[in-house]
Amino acid sequence: MTKRVLVNGCSFTFGHGDTEDRYTGEVLPPKPWVWPTKLVKLFDQPVTIKNISKGGASNNRIVRTTIEGVKEYTPHAVIVQWTSPYRSEWYNELWENYFGLIPTGSIEDVATQSESTLKSFGTPNLWISADKLKQYGYESELYNNVTKASQYWQAYMLNYHEAMISFCKDVLLLQNFLDKRNVPYVFTSMSTACMLGRPIGGFDNVWEMIDGAPLPFLDCLKAEIDESKWTRYPFSHMMNDNIVSKEPYDPHPNDKGHELIAREMHKEIVKRGLLKDN
């Protein structure tokens, strides 16, 4: 029997480059060189992989589309690559679409709370259909107001603690969803900055960022995360510095990096018996 695997993540799983068709807004297929494509070739049994990742995806989007994907594709196993906790996703009823926020500035609490820094934050990332462009397009009052609101939110309300609380909630929601349905899964991340389940240290370790002022609620959430469901290392370690470019800096895995990630994920899947018959 062919085993179905559902994979989700950001550009580390989708591939760097364009993510949507500029004319239709449809999400483009993942790049052909990415690790899920290489992974499927490593199994000695029939396996198909459905890669529903998207470049620039937030953890909000990852959990939403994974839940939708499990219901649509009924996979035998799920692999989730978590991403930056500072991205977010929102639904707008006038656009009738989800839009993402990808901060391009630094989130450093007080340091970012300044009018002069607002433009350094990302604008709403979405495709607006032709029938809505006239009234709600990129030059409309709606788009400008949502842009301004999102920049103020990122500068004044989003901080390390709030980002981590939201991240923990996303992880716990998906953890509970998959556990309740007895769907085998493994979680991993693009870097130590979002390696929530099994942090391995380092200057950008996800927990060390907020150790100076811990919140009891965040400690409670952290305690509920099942560390056994996470890979030992994030992708940034698996790919062993095989990145697209060091100058200008592009941390995405190159072809060799994707190959190394595929090998490590294959080891994790086999070790955990994710594709064994129940």
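Now for a look at the structure at hand. Since the structure is predicted, the reported quantities are computational estimates derived from the model, not experimental observations.

Calculation notes
- By convention here, each chain's residues receive numbers from 1 onward along its written sequence.
- Thresholds applied to this predicted model are a pLDDT of at least 70 for local features of residues and 80 or more for the giving and counting of side-chain atom pairs; totals over whole chains, interfaces and linings are not thresholded and use all residues.
- Only hydrogens and water are removed before side-chain values are computed, so all heavy atoms of the structure are retained for them.
- Here a helix means four or more residues in a row that DSSP labels H or I, a strand means two or more in a row labelled E, and each is numbered from the N terminus.
- Relative accessible area decides the class of each residue, using a 1.4 Å probe on protein chains only: under 20% of the type maximum gives buried, over 50% gives exposed, and in between gives partly exposed.
- Two residues qualify as a contact provided that any one of their heavy atoms is within 4.5 Å of a heavy atom in the partner residue.
- Note on areas: Shrake-Rupley, 1.4 Å probe, and residue coverage restricted to the protein chains presented here.
- We define a salt bridge as a contact between a side-chain nitrogen of Lys or Arg and a carboxyl oxygen of Asp or Glu at a distance within 4 Å.
- Among the buried residues, those of types Ala, Val, Leu, Ile, Met, Phe, Trp, Tyr and Cys that are joined through side-chain atoms within 4.5 Å form a nonpolar core.
- In this analysis, the expected span of each helix is defined as 1.5 Å times one less than the number of residues it contains.
- Helix axes are fitted only over the stretch in contact, all axes being lines through C-alpha atoms; the angle between N-to-C directions runs from 0 to 180 degrees.
- We call two directions roughly parallel when the angle between them is under 35 degrees, roughly antiparallel when it is over 145, roughly perpendicular when it lies between 65 and 115, and oblique otherwise.
- Ten residue types, Ala, Val, Leu, Ile, Met, Phe, Trp, Tyr, Cys and Pro, are classed as nonpolar, four, Asp, Glu, Lys and Arg, as charged, and the remainder, Gly among them, as polar.
- Here a polar contact means two N or O atoms within 3.5 Å. Within protein one must be a hydrogen donor candidate and the other an acceptor candidate, and residues neighboring in sequence count only if both atoms are side-chain atoms.
- Between any two strands, pairing holds if DSSP finds at least two bridges.

**As for the overall build of the protein**
Secondary structure assignment for the protein yields 9 helices and 8 strands. The 278 residues of the protein split such that 50% are buried. Sequence-distant contacts, at least 24 apart, represent 69% of the contacts inside the protein between residues at least 6 apart. Taken as a whole, the protein presents about 14,100 Å² of accessible surface, with 51% of it coming from carbon and sulfur.

**As for the pattern of salt bridges**
Tallied over the full model, the rule gives 10 salt bridges. Its salt-bridge partner being Glu259, residue Arg263 comes within 2.4 Å of it at the nearest N-O pair. On the criterion of helical spacing, the pair formed by Arg263 and Glu259 is a turn pair, its members being 4 residues apart in helix H9 (residues 255-272). The salt bridge involving Arg272 is made with Glu268; its shortest N-O contact spans 2.9 Å.

**Here we look at the nonpolar core**
Of all hydrophobic cores here, the largest spans 51 residues; its most connected members are Trp35, Ile79, Trp82, Leu174, Leu178 and Phe187. The leading source of residues in this core is helix H6 (residues 160-180), at 9 residues. With residues near it in sequence (within four places) discarded, Leu178 still touches Val70, Val78, Val183, Tyr185 and Phe187. Of all hydrophobic cores here, the second largest spans 9 residues; its members include Leu101, Tyr136, Leu142 and Val146.

**Considerations on the environment of His252**
Take His252: it is sitting in strand S8 (residues 249-253). Between the alpha carbons of His252 and Gly15 there is a distance of 7.9 Å; along the sequence they are 237 residues apart. Beyond its immediate sequence surroundings of up to four residues, His252 is in contact with Ser11, Phe12, His16, Met239, Asn242, Ile243 and Val244.

**So, helix H5 (residues 141-156)**
With 16 residues, H5 ought to run about 22 Å at 1.5 Å a step, and its terminal C-alpha atoms sit 22 Å apart, in line with that. When H5 is considered as a whole, its buried residues turn out to be Leu142, Tyr143, Val146, Thr147, Ser150, Gln151, Gln154 and Ala155.

**Observations regarding the packing of helix H3 (residues 59-73) against H6**
Direction vectors running N to C along H3 and H6 enclose 10 degrees, while the axes themselves pass 9 Å from each other. Judged by the inter-axis angle, H3 sits roughly parallel to H6. Here Asn59, Asn60, Val63, Thr66, Ile67, Val70 and Lys71 of H3 come into contact with H6, specifically with Ser166, Phe167, Asp170, Leu173, Leu174, Phe177 and Leu178. Taken together, the residues that form the contact of H3 with H6 break down as 8 nonpolar, 4 polar and 2 charged.

**Thoughts on the side chain of Asn92**
With respect to the element layout, Asn92 can be found in strand S4 (residues 88-92). Overall, the relative accessible area of 13% leaves Asn92 in the buried class. Separated by 2.9 Å, the side chain of Asn92 and the backbone nitrogen of Trp95 make a polar contact. With residues near it in sequence (within four places) discarded, Asn92 still touches Asn97, Phe99, Leu142 and Val146.

**Quick look at the pairing of S4**
Where S4 and strand S5 (residues 97-101) come together, 5 bridges link them in antiparallel fashion. Bridging across to S5, Trp90 finds its partner in Phe99.

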